[in-house]
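# Chains, contacts and geometry: an overview
What follows is each chain in one-letter form.
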Amino acid sequence: MTVDDRELTRLAAELGARLLATREQASAAESCTGGGIAEAITRIPGSSAWFEAGYVTYSNSQKSKQLGVPEELFASVGAVSREVVEAMVRGAQAASGARYAVAVSGVAGPDGGSREKPVGTVWLAWGDGGQLFSQRRQFAGDRAEVRRQTVKAALEGLLDLLAKENPGAG
């Protein structure tokens, strides 16, 4: 599935309109997308009113330092896991003070995949105050396409959250 920049911009603009209407803010904790979620959001003029912070925590050590992800999780479940993205969401919420947060960690490729976590495997998590939702996705395509699909899924999940729907159910 091809995701283009216009679609990501449309989703980010919709997210911004909804956050402005509720006077809330969002933050993003990113690994495999390398700041792509924050980039899509900050394309929108005035996004500083509703986007609090983006954390690009590509290394495990930065996931721990910036977001408080327990180091023992990396040895026990790996960086691409439900437990890690959920901890990343909580860390982003705590560090930024934003009510809403999204976190992503995955194997974008072309290397790095395994039998259990092949290339295209991505874990996403979303937080709304105390609520937490997560989902494992398997995306197809090259590295750039896996990353764009991840950004799209992250933004769609935030929109679901604002609509009081479970973003991990889709």
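See the structure shown above.
This section reports on the structure supplied with the text. Model, not experiment: these values are computed from the prediction. (Residues numbered from 1 in each chain as written. Predicted model: local features only at pLDDT ≥ 70, side-chain atom pairs only at ≥ 80, totals over all residues. Heavy atoms only, no water.)

## Some points on the pattern of salt bridges
In total, this model carries 13 salt bridges according to the counting rule given. The partner of R6 in a salt bridge is D4, and the shortest N-O contact between them spans 2.8 Å. Relative accessible area serves as the criterion here: at 67%, R6 is assigned to the exposed category. The salt bridge partner of E156 is K152, with a shortest N-O separation of 3.2 Å. With E156 and K152 both in helix α6 (residues 143–162) and 4 residues apart, the pair spans about one turn of that helix. Accessibility expressed as a relative area gives 11% for K152, which makes it buried. Residues joined in a network through salt bridges with shared partners are E24, R99, D128 and K164. (Salt bridge = Lys/Arg side-chain N within 4 Å of Asp/Glu carboxyl O. Buried < 20%, exposed > 50% of the residue type's maximum accessible area, 1.4 Å probe, protein only. Helix = DSSP H or I, 4+ residues; strand = E, 2+ residues; numbered from the N terminus.)

## Observations concerning the sheet that holds strand β4 (residues 121–128)
Taken in spatial order, the 5 strands line up as β2-β1-β3-β4-β5 in an open sheet, and their pairing is mixed. A strand with exactly one partner marks an edge of an open sheet, and here the two such strands are β2 (51–56) and β5 (131–138). Adjacent strand axes in the sheet meet at a mean angle of 10 degrees, parallel and antiparallel pairs treated alike. Of the strands in this sheet, β1 (26–30), β2, β3 (100–106), β4 and β5 touch helix α5 (residues 82–96), which is tilted by about 145 degrees from β3. With respect to the sheet, α6 is in contact with β3, β4 and β5, its orientation differing from that of β4 by roughly 25 degrees. (Pairing = 2+ DSSP bridges. Axes fitted to C-alpha atoms, helices over the stretch in contact; angles between N-to-C directions. Contact = heavy atoms within 4.5 Å.)

## Overview of the pairing of β4
In the case of a regular strand, side chains alternate between the two sheet surfaces. β4 sits mainly inside the fold: 8 of its 8 residues count as buried. Note that β3 and β4 share 7 bridges and pair antiparallel. The residue of β4 that forms the bridge with A101 is G127. The antiparallel hairpin formed by β4 and β5 contains 2 residues in its connecting segment, where G129 sits at a positive phi of about 55 degrees.

## Re the packing of helix α3 (residues 60–67) against α5
Running from N to C, α3 and α5 cross one another at 35 degrees; their axes reach a closest spacing of 9 Å. In contact with K63, Q66 and L67 of α3, α5 contributes V84, A87, M88, G91, A92 and A95.

## A word on the pairing of β3
When you tally the buried positions in β3, you get 7 out of 7 residues, the bulk of the element. Side chains Y100, V102, V104 and G106 project from β3 onto one buried face, and the interleaved A101, A103 and S105 project onto a second face that is buried too. Pairing analysis gives 5 bridges linking β1 to β3, with the strands arranged parallel. Each bridged residue has a counterpart across the sheet, and for E30 the counterpart in β3 is V104.

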